[in-house]
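Residue-level structural notes
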Amino acid sequence: MAHSHSWEEAKEQVREAADIVQVIGEHVQLRRAGGHFTGLCPFHSEKTPSFSVNPQRQTYKCFGCGESGDVFSFLVKYQNLSFPEALRSLAQRYQISLPEAKLSEQEQQQRQQRNALYQITAEAAKIYTQHLTEAPQAEAARRYLHQRGVPQAFIEKYQLGYAPATWDFLTHRLCKQFPTETIEQAGLIVAGQRGSHYDRFRDRIMFPIYDQRGRVAAFGGRILGQEQPKYMNSPESLIFSKSKILFGLWQHREAIRQSRQAVLVEGNFDLLLLDIHGISNAVAPLGTSLTRDHVRTLKSYCREVVLLFDGDAAGLKAAQRAVPIFLSEQIEAKIALLPSRHDPDSFVREQGGPALQKLVDTAQPLPEFIFAALVKEHGLTLTGKTRIMAELQELIKHSPDAAQQELMAAHFSSKLEVSSTLFLEQNLPEKTESNIIEAWPPSVPPPEESFSPTTSLAKKERQLLEFLIFYPEFFTNLMQGGLHEYANYCSSLLQVVIEAMQQLAQQGPFLPEQVLTALPKSETRRQVADLLLRGPQNQPENEEWAQEYCSYLLNWLKRQRQLQLRRDIKEQDAVAVLQKKIFTLWQ
């Protein structure tokens, strides 16, 4: 293996050794044309070749879209790598050693920990897949996939597996090879009472979740029975962040690049069934709403994202939330709404892949869709136009491009028959901290007065109390995220509930009914009992919503800590000023 002494030397060695025609030719069908090679550009859709590779200069250029560069920039763009990753990939291929970066002891430990987590998740994926394929106990899982129309080829493509209903299936196998603590950090097992551990996923179809480098970072599981939650994802870890990873992107990256389009759906099975019916450019967020990181990732693969949503109120709200993200990232977005009572899975089963593809092809531009929805909601009366303008102004503000702002303002003003300058006024009311805190999270509207027994609580505390009672599995996450600090100055009712849940959490996972038992016989206990009898109000009982709202509450608690810190600082400043005045008077 050749050796180099600096990064610059290594880069030049790799550049000289790499055959750009060979590297690009693995992804693009090239044909010789004189001293050059030509082919269809991998970075935009075209029928006539305009992509040219020059082997003498070791460069490429597309005369259609303008993309150009060397072998490094091709890998960075095409495989969505960083430059160091592209350099390492080529250096390994051409057997050129790279100088070792000097890492701190902490960085070395973190790298070792990440590598260990990837080894564990890869091994777990093999175990789950083998069990689904071979074990007699997995017959019900195989039958379930068959009933949902999942062929063996797609089971293999997605490396689907099965976690049996036993409590220690994976724990028993992994603990023979890896430290228990590291397996727990990977989110695959959970600590129980007296130091024991049990499997997080039980009786579930398992979907490995791949990062952009094709490594298993986490898992999603769909329950076979009727238990809740129906869907469950791995908790966040050193190698898994649900706000950054999109399910299906690794499997569909080539189709997305070729079509320059990604179809965004809401669930793993939706994505799987679309692929089975010929739509192979879909991705899905993992139990959370679309984030800016998701859009930035897609931006490096495609130019357009089509949101495929259910045609209900939740779908409309999700579309409205997505507009600012796409505007700020300057990527085109469209929306295709499914007929009522349909999700992508049921629609493609009933009407087939071509019908769904037609729906995608005729998707409406997202800003146009939002405008039409606002007109439908508010009407075109004077009051209606005022409300529409206010909401459109907020959307326009999110575009970082002044020309785009002016274009949108002119477009919408002509539809409303008002002056475009009204849309571009800078004296728009800013969002205050309290506005931000009270903003409801994705998916569902806030239950305004769902807690009739606890109406003495502030609205936010009622919502927090309901979530804690009905979703106690998130209690530890919320405590770590600042709930323990908030408990110092929240209502006495909420303090009593949090204290009881803390005691229960020390003994392991607990149920809502156990919270009631742990409470002292008082007004608090009666109110919680009334709450349990009523059940959750206006909340969908699924894990995606619960995880989404937990993330929202964590952000809210973070803001509460910031607000409290500001109040403390102001109080300290006030005390300091008072002390200074007193000192001055005594002089």
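Analysis parameters
Residues numbered from 1 in each chain as written. Predicted model: local features only at pLDDT ≥ 70, side-chain atom pairs only at ≥ 80, totals over all residues. Heavy atoms only, no water. Helix = DSSP H or I, 4+ residues; strand = E, 2+ residues; numbered from the N terminus. Areas by Shrake-Rupley, 256 points an atom, 1.4 Å probe, with all protein chains shown as cover. Pairing = 2+ DSSP bridges. Axes fitted to C-alpha atoms, helices over the stretch in contact; angles between N-to-C directions. Expected span 1.5 Å × (residues − 1). Buried < 20%, exposed > 50% of the residue type's maximum accessible area, 1.4 Å probe, protein only. Arc of directions from axis to C-beta. Polar contact = N/O pair within 3.5 Å; in protein donor to acceptor, adjacent residues only side chain to side chain. Contact = heavy atoms within 4.5 Å. Salt bridge = Lys/Arg side-chain N within 4 Å of Asp/Glu carboxyl O. Parallel < 35°, antiparallel > 145°, perpendicular 65-115°, else oblique. Left-handed = near helix turned anticlockwise from the far one by under 90°. Nonpolar A, V, L, I, M, F, W, Y, C, P; charged D, E, K, R; others polar. Core = buried A, V, L, I, M, F, W, Y, C linked by side-chain atoms within 4.5 Å.

**Focus on the overall build of the chain**
When helices and strands are counted, the chain shows 25 helices and 16 strands. Counting only carbon and sulfur atoms, one obtains 50% of the accessible surface of the chain, whose full area is about 29,900 Å².

**Considerations on the sheet that holds strand S12 (residues 261-264)**
Spatially, the five strands line up as an open sheet ordered S13-S12-S14-S15-S16, and their pairing is mixed. Two strands in the sheet have a free side with no partner beyond their single neighbour: strand S13 (282-283) and strand S16 (364-365). Relative to strand S15 (residues 332-338), strand S14 (residues 304-310) runs parallel, the two being bridged by seven bridges. Looking across to S15, one finds that leucine 308 is bridged to alanine 336.

**Topic: the sheet that holds strand S11 (residues 231-233)**
Adjacent strands of a sheet form backbone hydrogen bonds with each other and so pair up, either parallel or antiparallel. Ordered in space as S6-S9-S10-S11, the four strands form an open sheet in which the pairing is antiparallel. Of all strands in the sheet, those with a lone pairing partner are strand S6 (161-163) and S11, marking the two edges. Geometrically, the sheet is characterised by an average inter-axis angle of 30° between neighbouring strands, direction not taken into account. Bridge analysis of strand S9 (residues 204-210) against strand S10 (residues 216-223) gives seven bridges, and the strand direction is antiparallel.

**Observations concerning helix H22 (residues 492-505)**
Look at H22: 20 Å from first C-alpha to last across 14 residues, which is about the 20 Å you get at 1.5 Å a residue. The set of residues buried in H22 consists of Leu493, Leu494, Val497, Ile498, Ala500, Met501 and Leu504. Looking down the long axis of H22, one finds its buried residues gathered within 165° of arc, a one-sided arrangement.

**Details of the side chain of glutamine 261**
Along the polypeptide, glutamine 261 turns up in strand S12. There is a polar contact of 2.6 Å between the side chain of glutamine 261 and the side chain of glutamate 304. Glutamine 261 has contacts with Ile256, Asn281, Cys302, Glu304, Val306 and Val360, leaving out every residue within four places of it along the chain.

**Concerning the pattern of salt bridges**
A complete count under the given rule lists 17 salt bridges for this structure. Aspartate 70 is paired through a salt bridge with arginine 15; the nearest N and O atoms lie 2.5 Å apart. Of this pair, aspartate 70 sits in the loop between strand S5 (68-69) and helix H3 (71-78) while arginine 15 sits in helix H1 (residues 7-17), placing them 55 residues apart in sequence. On the basis of relative accessibility, which here comes to 25%, the residue arginine 15 falls in the partly exposed class.

**Quick word on unusual backbone geometry**
Of note, the bond from glutamine 228 into proline 229 is cis; its omega dihedral lies within 30 degrees of zero at 0°. Turning to its location among the elements, proline 229 is positioned in the loop between S10 and S11. With a phi angle near 55°, glutamine 58 is a residue other than glycine that sits in the positive phi range. Here glutamine 58 is to be found in the loop between strand S3 (51-54) and strand S4 (59-62). Phi at aspartate 203 takes a positive value of approximately 55°, unusual for a residue other than glycine. Mapped onto the elements of the fold, aspartate 203 is located in the loop between strand S8 (197-199) and S9.

**Some details on the packing of H1 against helix H4 (residues 83-93)**
A packed helix pair is summarised by two numbers, namely the angle formed by the two axes and the spacing between the axes. Where H1 contacts H4, the axes come no closer than 10 Å and their chain directions differ by 55°. The angle between H1 and H4 falls in the class oblique. The interaxial crossing formed by H1 with H4 has left-handed handedness. Taken together, the residues of H4 that come into contact with H1 (itself represented by Trp7, Lys11 and Val14) are Phe83, Leu87, Arg88, Leu90 and Ala91. Here the residues of the contact of H1 with H4 sort into six nonpolar, no polar and two charged.

**Concerning the pairing of S15**
Where burial is concerned, most of S15 is hidden: five out of the seven residues are buried. As defined by bridge partners, S15 adjoins S16 across two bridges and the pair is classed as antiparallel. Pairing of lysine 334 across the sheet is with proline 365, part of S16.

**A closer look at the nonpolar core**
Among the nonpolar cores identified, the biggest contains 42 residues, and Leu145, Val150, Leu160 and Leu272 are the most heavily contacted of them. Element by element, the count of residues in this core is highest for helix H11 (residues 268-276), at six residues. Apart from the residues lying within four places of it in its own chain, the contact partners of leucine 145 are Leu132, Val150, Ile155, Leu160, Ile205 and Phe269. Core analysis: the next-biggest nonpolar cluster, separate from the first, contains 39 residues, Leu246, Val295, Phe326 and Leu327 among them.

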